[in-house]
Amino acid sequence: MKSNRSFSAQKKWISATLSLAALMFTAPVHAGDSLTIISPHRKSIQNEYVPAFTAWYKEKYKTDVLVDWIDQGGSNDDVKFIKAKFAATPKTSGIDIFWGGGTTTHAEIASAKLSDKLNLSAPLKKQLPKAIGGSNLSNDEGTYISTALSSFGIFYNIPMLALEKTPAPTTWESLATAQYKDKIILTDSRKSGTASVMNHVILESAGWEKGWELLTAMSGNARQFTASSSDVIKAVVAGDAAATLAIDFYALAKIGDLGADKLGFVLPTGKTIIEGDPVSILKGAPHRQVADRFVEYILSVEGQTILMLKKGDVGGPKIETLARLAVNSDAYKATEGKRVNPLNPNTVKGFLKYDTDKQAAVRHVLDDLIGTQLVDSHKELRAAWSKVIKDGAKPADVKSISKAPVTASELTTLAAKWDNAVFRNEKINEWVKFAQAKYASAGKAK
Amino acid sequence: MTTKPAESVYLPNHSLEGTSSTQRRLSNIMGYGSVVITIAMIGVFLLWPMSKVMVKAFYNGESLTLDYFYLLFDNHLMVEAITNSLWVALATTIVCTIVALPLSVIGSKLEFFGKSFLMGLLLVPMVMPPFVGAIGFQRFFARYGTINLFLMNGKIIDSPIDWLADGNKFWAVVILGVMHLYPIMYLNLAAALANVDPSLEEMATTLGVKKWRQFKDIVWPLARPGYFAGAIIVFIWALTDLGTPLLIGYNDVIPVRIFNMVSDINENPMGFALVFLVIMLTVGFFLLSKSTLNGKKYDMMARGHVTSSVRKTGLFGTLVIYAVLLSVIAFALFPHISVLITSLSHKWFMTPLPLEYTTEHYMKVFSQDLPVHGIQNSLFLASMSTLTDVILGCLVAYVIVRKLIPFTNVLDSIVMIPLALPGIVLAFGYVITFSGTFLDPLNNPVPLLVIAYAIRRLPYMVRSASAGLQQTSVSLEEASATFGASHFYTLRKITMPLVLANVIAGGLLCFAYAMLDVSDSMILAMKDRFYPITKVIYSLYLEQGSGELVASALGMISMAILTICIMGASLILGKKMGELFKS
Amino acid sequence: MEVVFKNVTKRYGKTVAVENFNLTIESGALHFLLGPSGCGKTTTLRMLAGLETVTQGQILFDGKDVTKSPAAERGIGMVFQNYALWPHMTVLKNIEYGLKLRGLSKEALNERVNEVLQITQLVRFADRLPGQLSGGQQQRVALARALAIRPNVLLLDEPLSNLDAKLRHEMRDNICRIHKQTGITTVYVTHDQKEALSMGTNISVMHSGSLIQTAPPRDLYNEPRSPFVAGFIGETNLIAGSFAGSDNKVVGGLHSVNTDLGLIQTTRKIGHFKVGDKVMVSIRPEAIELALTSTQSDVNCYDVTLNYLTYLGESEQLQLSRGDTLIKATLFNATTHRLTDGDGVRIHFPEHAALILPPDDQLGAGT
């Protein structure tokens, strides 16, 4: 009869729905230890470290460990993501480790109190210097420690500069000259920790006023501000921009791929820094012990040599050469003569001393300041800069369009109130007006 | 009449035999239950997570404030961005119309060899794999990109042309927008034109009215509702599109400003105030277009058979049509072609085209687990979300069109919101809302991904299903009711089969856009094994060395899969594709 | 099944579609709802079907209140004006639909389907899709589909309006035959008075949302209760005038009305009037004859002018006038005269042929 038929049909539907739901909602069960890492590191790092750590763990602790590797896009997205997780469940994010993304990222996590103090073993501590190339490896609270190093420089397209009859850049000032008009590309520091650090480095190395002149001229030369520090590399390779600011290993990878006759990378001597790329253990890490062991591993000589050696070397990477700089002093000793990047930052001088905490303290204000003056008003700045160049880039004109609405010391005062979003946006509006007025009157100060 | 009546004595049944009211009640409970569940789902998976994020537009720390809205309009750059965005949207809509009008006349009035294939191909530019599109585009329009180098090698120009100079950016955004939005406009216009009774034109011809006047005075007023329905989608899309201006580097538009503030490392709540404004604008434009539509809907009386108006073209006409269609297609597929070249290039550097080609990047895609899993995941997720969309979308459309609940306009507006909502708002809303619950994406993002994909694509399904429902006479459903069928039995047995074409067409769009979803995939699919294709493309794209080339290869593979789906569906559905998007 | 409307009112917002509708439809009747478009007849039918809600009042099926029951629970069969055949189902599937909902066994279902296919002479079309059928065939499918479930009440909403004249006549016969065969209480909505007069057991005339009169076809034609009904059912001359009194010495009473035509005397009136009351007099065109011989009395004799004449073979239609008053007359066997347009004519009608009616603005009170 009808009722039977429809009933069996309903049953079929229900069972299908249930089995589908079961398929969707069941998470795989794992018997051994587990660890959840969030990391903006490239897949190549994941591909090397996850199997290596798992093998090391098995050997040392006689247990399997399942590593879950999470990536939300970039360091910024990852920070936002863990913040969202903590907003939902304040005790834990469900994630153990935040690895990579640069010092600013970890300073951000530390200042939001989303990480716990690290427990490093005494023997390991002995192998780690306090600072390398003027930068501290760790913050005072000890919630993060650098596991790799990177340097900042200028990446450029050699044939394109030749076609444009422009000399290769040597330092930040090169990019601020009129010759580089429309030939460089930059990244918005509000979205990229790398760009934020570089802005800070330039302001630190040249001083506040001179630094602003440099940044303003460079932005005036820039074709565009991208959202990510990897996009600028691609623009240089594609022949859209002749030069950009870049992290060493990005640039070196491209040079390795296409050849040193086509692409170049230069570290402005005495005007750049070595920055650490740290690891943090997040607050309420669900697998704290495993997390400690992971940090111990990646800082160990065994873990560190993977960064520096060539693919296939004993103790080196298995799949792809990483060409990064390590922090462990013993790792340098162990790889002497075999490193991909021969630089030893422990011995090389000429890096600026860099105070990460100071940068982190004013970072948000500075990013917004640069955002309003250079990025959001980019169109107006470019027009003003063109006018100034046409008049021969007179120092007075350059000074006038490079004026910052606040002084360096005011940044610190403002930083204290920056969490007040209404205050922050009132300031932003004020600065936008300042920038608009400044650029509108460009060239008129004769 | 000749035959003699049947001899059986026919006695009416005084009791309501058979149609047990318990069964009908059960069906009604299940039906209304599913409507309640649908509306609850929109509440739980759209409004609730959205509001969790959107409240930031009204809070300064702990205290309520409306200051952001004042500050928004106090900022010269924001006001400029709003104006620019409206102009971009308007210009895109107009140019789309200009491009789509001749195409739809061809599609609805002419018949020629290979028509359904070409018309299907016209729809392909609708989809573009994310991230890698930018690479191909940059390769071509860079200062020393393909075009400039080509011109310079040919001694046509001495120094490179800055294609994307400040003054060109507005039109670059418009043209690029038109290149992927015209299919939507074309679908609507073609359907609208096909629905105009050809006898009306014939009538006009007998009165000696000239062709263009016929079009202006008779065809256009009747086709206008369909046009407006397409125009409003194009307008809203162009107004809220982030990808295109970001690609061009045109920062003075609302979506980029929102992106800047929301993706700021130190997130700026002003961004959410701006999102709120965009949602209001979208709902406003939608309701406006809806009310204009309702006011201007002319019912077509007794419609003749449409096929009679389709004219077969001669050889010359066919050649002209081929020339027009192929050039439009080639132009619109330009970004795709550039990605294809990139994906096959080997050590391409500062030459118009690669000097060497290789399939190595494609090999790499298939030799790794991640891309293969990504394709599998995306196919599964997109299928499941499309299924969800079909169920949710049809129920919502049914409720709206048949006015089963009060305030259907409110519901109709709410389901349009995903069109205006930046992807990251909803995705972060999910993370905040469902962390620590059984839906926590950290454990298993599959259910949330399916729902997120479905919710974001819901507007297309609702629009296309309601277009179908509006064209289906209510009396067909009433007839079913008189036989003792419940509302929802009728929906299943009578209504759904009748709107199947619309549902499949809507489903196709949902599927295609779900396959290429970015925001939800990036944020909700956290672990490798759950990565959809787009997130794999992104992670390959970031890889050092030639990562972006492998990413381009994967992008082309996903494009190929989608092209097969679109072409297949358009061949099957033919003209009915165009009944999408009617509001 | 007996169907009763009790004070049924339907409003859409402020617009009244049907007002205070009271009607009893006898079991087994072929009952017509007749009226011009927009009079509320379809709304009434749809309320009966349960497709429209009732604002006020009750609908009873055999004494059982079904006002709140949805269409699905009323056991009705309905034929829609546009037939509403499901285009994706064959004729057979269309007909089976309602039966399947009733969970009939395979044999019972087949038996029923064959039965209605035979009644409606559709056997050889069973496997066609509606789109492949002619208008008349579609109409029969709609009827078959409605009949298959053996409804308590069969509702027909202008079922013949989409058919040409010849098919219409054929289908009228069909419906009458099927009604006789099945004996189902049938409610039939139409605006075509000929359909109603020729088929109905009872006719309800509606106007502006109100029921004006319910009567069998003959009574409705001969004894309309209002000028509207008189005018809507068949043709009539409606002449305005004022009541001039009754002569009760004559058996049954002889009533006089002063009109522009002159004094009209008649034995028939609907309602009670005082001298001077405004009234309407209805005279059917076929009741008017030419007063050719002087032997007839002067009562109801008038001198008029012939405006024009239309010759129709078995009859002639005359349009006459006296001042502003226009008179239509239909003459049968009128071969004896030789009138031309513009001639003066003397006309006459019998005293029982005129009917005094209250004017239409007094409607409602009387019904």
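Residues numbered from 1 in each chain as written. Chains lettered and ligands numbered in written order. Predicted model: local features only at pLDDT ≥ 70, side-chain atom pairs only at ≥ 80, totals over all residues. Heavy atoms only, no water.

### Focus: the overall build of chain C
Counting secondary structure elements, chain C contains eight helices and 21 strands. In terms of principal-axis extent, the alpha carbons of chain C reach across some 80 × 45 × 35 Å. Taking all 367 residues of chain C together, the buried fraction comes to 55%. Relative to all contacts within chain C whose residues are 6 or more apart in sequence, the contacts with residues 24 or more apart total 66%. As displayed, chain C offers around 16,000 Å² of accessible surface, 49% of which is attributable to carbon and sulfur atoms. (Helix = DSSP H or I, 4+ residues; strand = E, 2+ residues; numbered from the N terminus. Buried < 20%, exposed > 50% of the residue type's maximum accessible area, 1.4 Å probe, protein only. Contact = heavy atoms within 4.5 Å. Areas by Shrake-Rupley, 256 points an atom, 1.4 Å probe, with all protein chains shown as cover.)

### Some details on the interface of chain B and chain A
Residue-level contacts link 81 residues of chain B with 85 residues of chain A. Roughly 7,200 Å² of surface becomes buried between chain B and chain A when both sides are summed, with 52% attributable to carbon and sulfur atoms. The largest contributions to the chain B side of the interface with chain A come from Ile265(B), Phe349(B) and Gln544(B), which together make up 12% of the buried area. At the surface where chain B touches chain A, the tally comes to 13 salt bridges. Between Lys43(A) and Asp528(B) there is a salt bridge, with its nearest N and O atoms 3.4 Å apart. Here chain B is connected to chain A by 40 residue pairs in polar contact (both at pLDDT 80 or more). Among the elements that take part in the side of chain B that touches chain A, helix α24 (residues 533-542) of chain B stands out by supplying five residues, more than any other. (Buried area = accessible area lost by both parts, 1.4 Å probe. Salt bridge = Lys/Arg side-chain N within 4 Å of Asp/Glu carboxyl O. Polar contact = N/O pair within 3.5 Å; in protein donor to acceptor, adjacent residues only side chain to side chain.)

### Some details on the side chain of Arg140(C)
Residues and elements named next belong to chain C. Inspection of the secondary structure assignment puts Arg-140 in helix α4 (residues 135-148). Notably, Arg-140 is buried but unbridged: the nearest opposite-charge side chain belongs to Glu-170, and the N-O separation is 6.0 Å. Of the polar contacts made by the side chain of Arg-140, one reaches the backbone oxygen of Gln-121; its length is 3.1 Å. Excluding residues that lie within four positions of it along the chain, Arg-140 makes contacts with Thr-120, Gln-121, Leu-122, Met-171 and Asn-174. (Lys, Arg positive; Asp, Glu negative; His and termini not counted.)

### So, the sheet that holds strand β19 (residues 325-332) of chain C
All names here are of chain C. Ordered by their spatial adjacency, five strands build an open sheet running β16-β20-β17-β18-β19, and the pairing between neighbours is antiparallel. Each of the sheet's edge strands pairs with one partner strand only, and the pair in question is β16 (289-290) and β19. In this sheet, strand β18 (residues 315-322) lies alongside strand β17 (residues 301-311) in antiparallel orientation, the contact comprising six bridges. Its bridge partner being in β18, Thr-310 is matched across the sheet by Gln-317. (Pairing = 2+ DSSP bridges.)

### Focus on the pattern of salt bridges
Side-chain pairs of opposite charge can arise where the charged atoms are in close proximity. One pass over the structure, following the stated rule, counts 49 salt bridges over all chains. Between Arg257(B) and Asp252(B) there is a salt bridge; the shortest N-O distance is 2.9 Å. Each member of the pair, Arg257(B) as well as Asp252(B), is classed as buried. Linking Glu235(C) and Lys328(C) is a salt bridge whose minimum nitrogen-to-oxygen distance equals 3.1 Å. You can see Glu235(C) sitting in the loop between α8 (227-232) and β11 (237-247) and its partner Lys328(C) sitting in strand β19, a full 93 residues away along the chain. The structure contains a network of salt bridges with shared partners spanning Asp188(A), Arg190(A), Lys191(A), Asp376(A), Lys379(A), Glu80(B), Asp252(B) and Arg257(B).

### What to know about a negative patch on the surface
A cluster of acidic residues, Asp140(A), Glu141(A), Asp355(A) and Asp357(A), forms a negative patch on the protein surface. Within the fold, Asp140(A) resides in the loop between β6 (135-136) and β7 (144-157). (Patch = residues over 30% accessible without salt bridge, like charges linked within 9 Å, V, L, I, M, F, W, Y side chains within 5 Å. Charge placed at Lys NZ, Arg CZ, Asp CG, Glu CD.)

### Notes on the confidence of the model for chain B
Residue and element names in this part refer to chain B. Chain-level statistics for chain B give a pLDDT mean of 82 and a share of 89% at 70 or above. Below a pLDDT of 50 lies the segment residues 296-308, which in the model reaches 23 contacts outside its immediate sequence neighbourhood of four places, other chains included. Taken together, the stretch residues 577-583 has pLDDT below 50 and engages in 43 contacts with residues farther than four places along the chain or on a different chain. (pLDDT = per-residue confidence, 0-100.)

### Overview of the packing of helix α12 (residues 288-299) of chain A against helix α13 (residues 301-308) of chain A
All names here are of chain A. Direction vectors running N to C along α12 and α13 enclose 55°, while the axes themselves pass 4 Å from each other. Judged on the interaxial angle alone, α13 and α12 are oblique. Of α13, the residues touching α12 (which contributes Tyr-297, Ile-298 and Leu-299) are Val-301, Glu-302, Gly-303, Gln-304 and Ile-306. A class-by-class count of the residues in the contact of α12 with α13 yields five nonpolar, two polar and one charged. (Axes fitted to C-alpha atoms, helices over the stretch in contact; angles between N-to-C directions. Parallel < 35°, antiparallel > 145°, perpendicular 65-115°, else oblique. Nonpolar A, V, L, I, M, F, W, Y, C, P; charged D, E, K, R; others polar.)

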